[in-house]
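# Commentary on secondary and tertiary structure
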Amino acid sequence: MRKLDNILLWSLMAAVILLGQARPNTKLNSQSSGGLRSDCAGNLMRLSLDEALAVGNQLEVEAINGTQHIVLTPSLAAQCGYSMESDPWGNTRIYTSLMGCYVDNKDDTTFTVGLRLRMYGQSVSDVVSHDVSQSCSYSRWASREVLCDRNYMEVSNFMTKPDPQTEAKGPTQDVKDDSKINNTPDASGAAQGIWKMTFHTPEPVPMVLREAEQAGYGAMTTTSRMVMRSPYNTAETYSEDVAGVPMEVLRVSVYYKAPHGLSLVNLAAACPTGGVLFTDDLISWHVPRRITPLVDGGVTVLEMHMGINGQRLERSRMAARGYTLSTTDFHIVIEIPVGSPDGYFKSHAPDYQYHTTYIVEPMLEVLWRADNSQEDTRYKVLFPITTPLMPQTPHLQDNTVPEDRVFNVHLGTFLQDVELRNITFSTGVLTVDQVKARGFLLQEHHLPNGNKSFSLQVPFSADVVLKHNPELLVTSYFLPLTFGFIILPEETPFSHPVEVEASLQDVVLPTISGSCDQSQFYISVKYGSQGTNFQGMIGAREMTPPIAELYHIQENATHFSLVVPYAAEDAAFELITENSVRSRIDMLLFDPNNNWVLADLYLACSFPLIITTCHSNGTITSLAVKVESVPNLDPGLLTLTDPSCRPEFSNDRFATFTFSVDSCGTTRTFFDHYMLYENEISLYYNKPEAAASAPKGVAQTSPIDPEYRQTISCYYVVNETRSVAFSSKQRRNDPTAEIGSGRLMTQMRLAQDASYGFFYQAEDYPVVAYLRQPLYFEAELMESTDPNLELILENCWATLYEDRTSLPSWDIIVDTCENPDDGYMTVFHPVSSDARVLVPSHFKRFSIKMFTFTKDEEVLRNGIYVHCDAVICDTNSQADASCRGQCVHVEGLGNSRHQAIKGGLKRERRSTDSTNQRQLSSGPILYNTWSKL
């Protein structure tokens, strides 16, 4: 519908005002440009400026009046008969009334319009000017011409040249009767003969010409016509409903000075501001057939034309476009299909949702003659129409082929004023350039009708794709997207969310394989397509990291492996024989979220195991094993045939019995040349006579549990002769042990904390530490239980490189003691006996604070290596001065020979030829450069 604001307020006027203060040099192009077209449209001159010329520029329009150039501000344009309309792509039309200001008028038949177009680019100095001049001939003037343009309404009446005798009487008399008329019209600022005017609102409002011009009205006389022009919505216009159509009405009486005296001309204009009906497919514009503010009685329509953009249309073109022009009893009706190529669609985004409107500018031109009159009225309306907002939900076309493992989506359609700015993925927002930089294929497609659409391809393997498994072997891939758009030129944002999903039966499950040797199970797990996204059970326990470490887990990118002893807690004994035990390990991999079993292993092997040993002195040793078929068995409750013969040793898996062949109810049987001794290991509840001898407080096993019976048998030869030869000789001396030699092993390890319970392994190096973070070291004498030996740390130092003798270096322990020159001195920690430490003197523990080597206040490298010289001492001998003990000095001896500075040379050290000295090293230890210390 009509926009009643100043449409010529070409949004660039603010820039024009600023630029006018310091106008740069301009490039003048007075010739007609390829992007400029001017033509005559009845009582209008039309200038078209296409997007190729206007895009990216700001436009200023000036009227050429001789040597003057007048900037057409919005108010001046409405006052002088100029209007402009632009679409979002820069196609612009400028209309000039042939009765407008600054038009060269030759006898109301030939009209020349001159305009200068200034186009300002991004730079203030980048200005191009085009001068346009167009001459139009128009002589078919009706007695009254009413023009309704976008920002003004105009009426011009033919001025009859009266008889001088009657002319002198009428106006003069009228003037004398009107007491409000200024008796000195020249003093009022009258021009072109106009003195004053009275607006009917409908109450009369008188103004002299200067006042009317200051109020925004335009008034002038030509050779034969009186012209009056008014912007819409002024104080002196009013609204009136005519046949159901709202109209803006101007009524004015104009007094003008003629050679024979004052004359009066009554002028009226009425322009529609509504009357449009919409359906989804059709626009119906209704204009009153008889416009009562302009006529009192009936009218006869002489001509009726429809046009688009100010230009009349031929009937054939109207039919081709689907336009209709018809009349009813009360209205003239123009019908235009929504989407006609003479209009255009525009994008909008209320509430961030995509909508469009359709904009078209029909024209109606009617020539009528009032009944009982010879005077004609030409009525011409240019009426821009905009449909209501029409929701446009973008259509998603999912072209994904799951087997290609690439999401392929197509989203459209959009008008050409829509631009894609970004896409929001599950990981965050990416601009269009960033989307392409990630390797995703993003394309913009242009359709033949000028619209556009977008396509996006994203691999299933991208981190923006979410995955889950609805079934054991099926992966569902989910891609949530939000496309972010803007509408140009307003840069209005809106978005559209999209979700696509695809499923593939592509899951490769993990597999478990295993083997055995004489004492251990070897288990290997190969990862499937889900990687390590599973949990494991070994035996009846969940495989936690400590359990995995217990079984010496080894991992890489595709596998992990375990080594499980056959008698491990998580193994189960299935069967025992005289010389072996059948042990089984169970392993299960499962998905904890869906409770799916992914892989399992039941590996059983027979391992050598001597159950019964028959000694030549008549003693029998037998081992009882708890088997899986007796799950509640307590081996400590087993007895021999004689219930009083209980295990010599027992735990939750085994029981050991040692007895002589003539005790514990052992029976003897002779056959051939052998004696057979037999006994039985069983639960005592099967022996009622032994119930009284059961230990107090020990509950009997339930008789409903499976029985446990294990027969013990030993064979001895009845008749056997053996010869034993010996000789005796008197001993001269008591026997003594011979002096021998051997190798003692030492090691130094870095503990994870001050408890010295866990240590870094070889695969953990390099270890990363913060500056001044304590580092806990332990040195150990291995493979010895001799309490008379003691491990002494003689000297310890740190180097920048792995070579023990490299420079620079820094002393940590000097002559078995702390380095007194160190600001952060070494701390020795006591060692106590525990399950791991059997002989405390075989261990030494100390800690230092992490540091780095520097030169000229710059860190040389961010790692250190720690080395020690250790001495193994016999505590019963003090032959070596180093064996006084850790940090015990002989009076008079100092540390001076072991002073050093960072970066200095390491001093000569103890000879490495000593048989009781060992060299220890640890590292590298890296300094964490993100330390907060």
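Conventions used here
Residues numbered from 1 in each chain as written. Predicted model: local features only at pLDDT ≥ 70, side-chain atom pairs only at ≥ 80, totals over all residues. Heavy atoms only, no water. Helix = DSSP H or I, 4+ residues; strand = E, 2+ residues; numbered from the N terminus. Buried < 20%, exposed > 50% of the residue type's maximum accessible area, 1.4 Å probe, protein only. Contact = heavy atoms within 4.5 Å. Areas by Shrake-Rupley, 256 points an atom, 1.4 Å probe, with all protein chains shown as cover. Pairing = 2+ DSSP bridges. Salt bridge = Lys/Arg side-chain N within 4 Å of Asp/Glu carboxyl O. Core = buried A, V, L, I, M, F, W, Y, C linked by side-chain atoms within 4.5 Å. Phe/Tyr/Trp six-rings, centres within 6.5 Å; stacked < 30°, edge-to-face > 60°. Disulfide = S-S within 2.5 Å. 1 Å grid on protein atoms, 1.4 Å probe; cavity = no way out; pocket = protein on both sides within 12 Å on 5 of 7 lines; lining within 4 Å. Points joined across faces, edges and corners; volume = space filled by probe spheres on them. pLDDT = per-residue confidence, 0-100. Patch = residues over 30% accessible without salt bridge, like charges linked within 9 Å, V, L, I, M, F, W, Y side chains within 5 Å.

The next thing to look at is the overall build of the protein. Looking only at helices and strands, the protein has 9 helices and 69 strands in total. Per-residue burial over the protein gives 47% buried out of 933 residues. Of all intrachain contacts in the protein linking residues separated by at least 6 positions in sequence, the fraction that spans at least 24 positions is 64%. Per element, the accessible surface of the protein, about 47900 Å² overall, is 50% carbon and sulfur.

Quick look at the pairing of strand β56 (residues 674-683) now. When you tally the buried positions in β56, you get 7 out of 10 residues, the bulk of the element. Summarising the sheet, strand β52 (residues 638-639) and β56 pair through 2 bridges and their orientation is antiparallel. Bridge pairing in β56 links Thr 639 to Ser 682. Both strand β55 (residues 667-671) and β56 contribute to a ladder of 5 bridges, which runs antiparallel. Opposite Phe 670, over in β56, you have Met 675 as the bridge partner. As consecutive antiparallel partners, β55 and β56 are separated by 2 residues, and within that stretch Asp 672 has a phi angle of approximately 50°, a positive value. The pairing of β56 with strand β57 (residues 709-717) spans 9 bridges and is antiparallel. Along β57, the bridge assignment pairs Leu 676 with Tyr 715.

So, on to the sheet that holds strand β12 (residues 152-158). An order of β15-β16-β12-β11-β29-β28-β22-β23 is seen for the 8 strands of this open sheet, with the pairing classed as mixed. Since the sheet does not close on itself, it has two edges, and those belong to β15 (218-221) and β23 (311-312), each with one partner. Taken together, the 2 bridges between strand β22 (residues 299-308) and β23 define a ladder with antiparallel strand orientation. Bridging across to β23, Gly 307 finds its partner in Arg 312.

Attention now goes to the pattern of salt bridges. If you walk through the whole model with that rule in mind, you get 35 salt bridges. Between Glu 62 and Arg 118 there is a salt bridge, with its nearest N and O atoms 3.0 Å apart. With Glu 62 in strand β4 (residues 58-65) and Arg 118 in strand β9 (residues 110-120), the pair connects residues that are 56 residues apart, well separated along the chain. Exposure remark for Glu 62: the relative accessible area of 3% places this residue in the buried category. Arg 405 serves as the salt-bridge partner of Asp 506, at 2.8 Å between the closest nitrogen and oxygen. With Asp 506 in the loop between β40 (492-504) and β41 (511-516) and Arg 405 in the loop between β32 (395-398) and β33 (406-414), this pair connects stretches of sequence that are 101 residues apart. A single salt-bridge network, built from bridges that share partners, covers Glu 574, Arg 582, Arg 584, Asp 586 and Glu 628.

What follows is about the pairing of strand β17 (residues 238-242). Of the strand pairs in this sheet, β17 and strand β18 (residues 245-258) are connected by 5 bridges, and their pairing is antiparallel. Of the residues in β18, the one forming a bridge with Glu 240 is Met 247. Following β17, the chain reverses through 2 residues before pairing antiparallel with β18; Ala 243 in that reversal takes a positive phi of roughly 55°.

Moving on, we get to the nonpolar core. In this structure, Met 197, Phe 199, Met 228, Trp 285, Leu 294 and Tyr 379 are the most contacted members of the largest nonpolar core, which totals 59 residues. Looking at which element gives the most residues to this core, the answer is β18, with 8 residues. Contacts of Phe 199, omitting those with residues within four sequence positions, involve Pro 204, Val 205, Met 207, Ala 212, Tyr 217, Met 228, Glu 236, Leu 250, Arg 251 and Val 252. Ranked by size, the runner-up nonpolar core spans 57 residues in total, among them Val 525, Ala 624, Val 627 and Phe 659.

As a further point, take the packing of aromatic side chains. Here the structure, examined in full by the defined rule, presents 30 aromatic pairs. Between Tyr 566 and Phe 607, the ring centres sit 4.9 Å apart and the planes meet at 20°, which makes this aromatic pair stacked. Of this pair, Tyr 566 sits in the loop between β46 (559-565) and β47 (571-576) while Phe 607 sits in strand β49 (residues 596-608), placing them 41 residues apart in sequence. The class for Tyr 566 is buried, based on a relative accessible area of 16%. Accessibility expressed as a relative area gives 0% for Phe 607, which makes it buried. When the ring of Phe 777 is compared with that of Phe 846, the centres are 5.3 Å apart and the planes differ by 15°; the resulting orientation is stacked.

All chains considered together, the criterion is met by 8 disulfides. Between the sulfur atoms of Cys 614 and its disulfide partner Cys 714 the distance amounts to 1.8 Å. Sign of the S-S torsion, about -90° for the bond between Cys 614 and Cys 714, identifies this disulfide as left-handed. A residue pair is termed long-range when its members are at least 10 positions apart, and Cys 614 in strand β50 (residues 612-614) and Cys 714 in strand β57 qualify at 100 residues.

What follows deals with empty space enclosed by the protein. Where empty space is left can be seen by rolling a probe of water-molecule size over the atoms. Under the defined criterion, the tally for this structure stands at 1 cavity of 30 Å³ or more. By volume, the largest cavity amounts to about 30 Å³. Taken together, Val 287, Pro 288, Arg 289, Ile 291, Ile 332, Leu 364, Val 366, Trp 368 and Tyr 379 make up the lining of the largest cavity. Those elements giving two or more residues to the lining of the largest cavity turn out to be β21 (282-288) and β28 (362-370). Residue contributions to the lining of the largest cavity peak at 3 residues, all from β28.

Examined against the element boundaries, Leu 750 turns out to sit in strand β58 (residues 745-751). The exposure class of Leu 750 is buried, given its relative accessible area of 2%. In this structure, the C-alpha to C-alpha distance between Leu 750 and Tyr 776, residues 26 residues apart in sequence, is 5.7 Å. Those residues in contact with Leu 750 that lie beyond four places of it in its chain are Phe 759, Tyr 760, Tyr 765, Val 767, Leu 775, Tyr 776, Phe 777, Ser 922 and Ile 925.

Moving on: the environment of Val 597. Within the secondary structure, Val 597 is located in strand β49. The sequence separation of Val 597 and Gly 536 amounts to 61 residues, and the corresponding C-alpha distance is 9.8 Å. Apart from residues no more than four positions distant in its own chain, Val 597 is found in contact with Leu 472, Leu 588, Leu 589 and Phe 590.

In this model, the protein carries an average pLDDT of 85, and 83% of its residues clear a pLDDT of 70 or more. When mean pLDDT is compared element by element in the protein, strand β11 (residues 144-148) scores highest at 98, while helix α1 (residues 13-19) scores lowest at 29. Predicted confidence is poor over residues 1-32, with pLDDT under 50, and the contacts of this stretch with residues over four places away or in other chains come to 75 contacts. Predicted confidence for residues 689-694 stays below pLDDT 50, and this span has 4 contacts to residues more than four positions away or in other chains.

Spatial ordering of the open sheet is given by β50-β51-β54-β53, a layout of 4 strands whose pairing is antiparallel. The open sheet has two edge strands with one neighbour each: β50 and β53 (649-650).

Attention now moves to a nonpolar patch on the surface. A cluster of nonpolar residues, Phe 671, Tyr 674, Tyr 715 and Val 717, forms a patch on the protein surface that exposes about 380 Å² of accessible area. When you line up the elements, Tyr 674 lands in strand β56.

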